[in-house]
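Given next are the chains, with one letter for each unit.
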Amino acid sequence: MLFKRASHPTATSTSHVAPDNDQALLVLDTLGQILASYIYGCIELPRGGDEAARARLSAWRRHALLGVPVDTVDDDATPTPPRGGSIPERDWRGVSSTFAEHRREEQHYVEHALSDLREALWTCIERTHLAMQREHHADGASAQQVQRVRGALDRLDTGAVKDEISQAMKTLETITAERQTAQRTIYAQLAERVEHLGRELEVARKASETDSLTGLGNRLVFDRTTSRQLALHALGGQPLTLVMLDLDFLKPINDAAGHHAGDEALILVGRALSKVFLGDTDVLCRIGGDEFAVVLPNTTAEVAGRQVARLHRVLEQAEWAYAETVAPLAASAGVAEWLRGETVEEWLRRADASMYVQKQAKHRDAAAGERSAA
């Protein structure tokens, strides 16, 4: 089970701010984190264009933090003029209006969606009330016809009884036909509303289960998958393997090249996982920070180990601009095949321990290399 990769705003550093201006640096860092959180949490609008909207917001964020000129042109505004790198020269009004306008669009969409939901609920209530009213009128008509038949029987007027029974049957047939037609109309209208709401709920469900940076499954998907797969494979006895993965050198990358470089490294790891683990039932997740996990049903630890080896080669061959100047694009991986009777927590701890053994070995090699170079 794979997840479509979603776009994500590019984080930036505040290296253009003068180093002696600690207060300005703190304010800009805080502003950058707030704007990044906003871009992370952008609501997917039904009209599309989410990639372009995130890119536009990210461009204005870079302008606010670094003074980088904004090259985009607003749909309803004149082109944004380039601004200088110093803080007073930056287009703060443009930053404010851009984010405010996007938030107004999101607010309009949410209000519209809630209005549709309320309308659907009221449709159910109104249609139920209408059906009850029709039932009441129909019951009255049938009861009146029964009374007429009973009166004819009391008078022993056989001709009248025959006529009244015939009329009663026609009345009941008409009532039944009207009820069926009304019910079909009501069901069709309700089905249309339910289908519309179902599509919206499915979109919301997928968004809640997807990591916005890499497009892989998030922690919610990982926790649910591990517990369900363990229960399933405990019954069937098929092999079940977990791969825990940790991006190497993320902090040095962020410190030396900025958080946008760290985000790019995480995205490349997500792409590499998607190229290597191709099984229909494989579940790829980013479970937090620089941590990734892959759940491999019907896969032994030996097979998973060969896939991890291929993953390392894919990462080595990836187009990574900071390999020579900052750090190579690499990851440490641990593999653990589930043992019968083992809990989910015990299974995860074994995979984590295997991964950290490899990670610590890499850090020792890196430290030894630095000492020898010195």
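Residues numbered from 1 in each chain as written. Predicted model: local features only at pLDDT ≥ 70, side-chain atom pairs only at ≥ 80, totals over all residues. Heavy atoms only, no water.

Caption draft 1: Geometry of the sheet that holds strand β1 (residues 240-247). Taken in spatial order, the 4 strands of this open sheet run β2-β3-β1-β4, and their pairing is antiparallel. Edge positions in the sheet fall to β2 (283-288) and β4 (331-337), since each has one partner strand and no second. Averaged over all neighbouring strand pairs, the angle between strand axes comes to 20 degrees, with direction disregarded. As judged from the 5 bridges shared by β2 and strand β3 (residues 291-297), these two strands associate in the antiparallel manner. Bridged to L284 within β3 is V294. Contacting β1, β3 and β4, helix α8 (residues 301-317) crosses the sheet at an angle of about 170 degrees to β4. (Pairing = 2+ DSSP bridges. Helix = DSSP H or I, 4+ residues; strand = E, 2+ residues; numbered from the N terminus. Axes fitted to C-alpha atoms, helices over the stretch in contact; angles between N-to-C directions. Contact = heavy atoms within 4.5 Å.)

Caption draft 2: Layout of the nonpolar core. By size, the foremost hydrophobic cluster in this structure holds 34 residues, and its most contacted members are L245, V269, L273, F277, L311 and L329. When contributions to this core are tallied by element, the ones reaching two or more residues are β1, α6 (250-257), α7 (259-276), β3, α8 and β4. Take this core: its biggest share by element is 9 residues, from α7. Residues contacting L329, with those up to four places away along its chain left out, are L247, A265, L268, V269, L315, E316, A318 and W320. With 18 residues, the next largest nonpolar core counts L230, L240, M244 and W338 among its residues. (Core = buried A, V, L, I, M, F, W, Y, C linked by side-chain atoms within 4.5 Å. Buried < 20%, exposed > 50% of the residue type's maximum accessible area, 1.4 Å probe, protein only.)

Caption draft 3: Representation of the environment of A323 within the structure. Looking at where A323 falls in the secondary structure, it is placed in the loop between α8 and β4. What makes A323 partly exposed here is its relative accessible area of 33%.

Caption draft 4: How the structure looks around the confidence of the model for the protein chain. With 69% of its residues at a pLDDT of 70 or more, the protein chain has an overall mean of 78. At the level of individual helices and strands, the protein chain shows its lowest average pLDDT in helix α3 (residues 92-155), which scores 66, and its highest in β3, which scores 97. In the model, residues 1-20 has pLDDT below 50 throughout and makes 69 contacts with residues more than four positions away in sequence or in other chains. Here residues 73-83 scores under 50 on pLDDT; set against residues more than four positions off or in separate chains, the count is 13 contacts. (pLDDT = per-residue confidence, 0-100.)

Caption draft 5: Highlighting the pattern of salt bridges. All told, the structure shown has 9 salt bridges when counted by the stated rule. Close ionic contact of R350 with E342 constitutes a salt bridge, the shortest N to O distance being 2.6 Å. Here the salt bridges do not stand alone but share partners, grouping D246, D248 and K359 into one network. (Salt bridge = Lys/Arg side-chain N within 4 Å of Asp/Glu carboxyl O.)

Caption draft 6: Summary view of the packing of α7 against α8. Axis separation between α7 and α8 bottoms out at 9 Å; the angle between their running directions is 135 degrees. Between α7 and α8, the crossing angle belongs to the class labelled oblique. For α7 against α8, the interelement crossing comes out right-handed. The residues of α8 that touch α7, namely those facing L268, V269, A272, L273, K275 and V276, are Q307, R310, L311, V314 and L315. (Parallel < 35°, antiparallel > 145°, perpendicular 65-115°, else oblique. Left-handed = near helix turned anticlockwise from the far one by under 90°.)

Caption draft 7: Layout of the side chain of Q307. Within the secondary structure, Q307 sits in helix α8. Apart from the residues lying within four places of it in its own chain, the contact partners of Q307 are V276, F277, L296 and T299.

Caption draft 8: Layout of α7. For α7, with 18 residues, the first-to-last C-alpha span of 26 Å sits near the 26 Å given by 1.5 Å per residue. Inspection of α7 places A261, G262, D263, A265, L266, I267, L268, V269, G270, A272, L273 and V276 among the buried residues, and these make up the whole buried set. The inward-facing, buried residues of α7 abut α1 (22-40), β1, α6, β2, β3 and α8. (Expected span 1.5 Å × (residues − 1).)

Caption draft 9: Spatial organisation of the packing of aromatic side chains. Inspection of every chain in the model, using the stated rule, returns 2 aromatic pairs. Ring centres of Y38 and F99 lie 5.4 Å apart, and the angle between their planes is 65 degrees; on these two criteria the pair is classed as edge-to-face. Placement of the pair is Y38 in helix α1 and F99 in helix α3, with a sequence separation of 61 residues. As far as burial versus exposure is concerned, Y38 and F99 are alike and both buried. (Phe/Tyr/Trp six-rings, centres within 6.5 Å; stacked < 30°, edge-to-face > 60°.)

Caption draft 10: A look at the pairing of β2. Along β2, 5 of the 6 residues are buried, which leaves the element largely enclosed by surrounding structure. In this structure, the hairpin formed by β2 and β3 is closed by a connection of 2 residues, where G289 is found at a positive phi of approximately 55 degrees.

Caption draft 11: Inspection of the environment of R340 at higher detail. Mapped onto the secondary structure, R340 falls in the loop between β4 and α9 (344-373). Owing to a relative accessible area of 57%, R340 belongs among the exposed residues under this scheme. Not counting chain neighbours up to four residues away, the residues in contact with R340 comprise H233, A234 and G237. Among the polar contacts made by the side chain of R340, one reaches the main-chain carbonyl oxygen of A234 at a distance of 2.9 Å. (Polar contact = N/O pair within 3.5 Å; in protein donor to acceptor, adjacent residues only side chain to side chain.)

Caption draft 12: Expanded view of the packing of α1 against helix α2 (residues 50-66). Running from N to C, α1 and α2 cross one another at 175 degrees; their axes reach a closest spacing of 10 Å. Between α1 and α2, the interaxial angle falls into the category roughly antiparallel. On α2, the residues that touch L28, L31, G32, Q33, L35, A36, Y38 and I39 of α1 are R54, L57, S58, R61, A64 and L65. A per-class count over the contact of α1 with α2 returns 9 nonpolar, 3 polar and 2 charged. (Nonpolar A, V, L, I, M, F, W, Y, C, P; charged D, E, K, R; others polar.)

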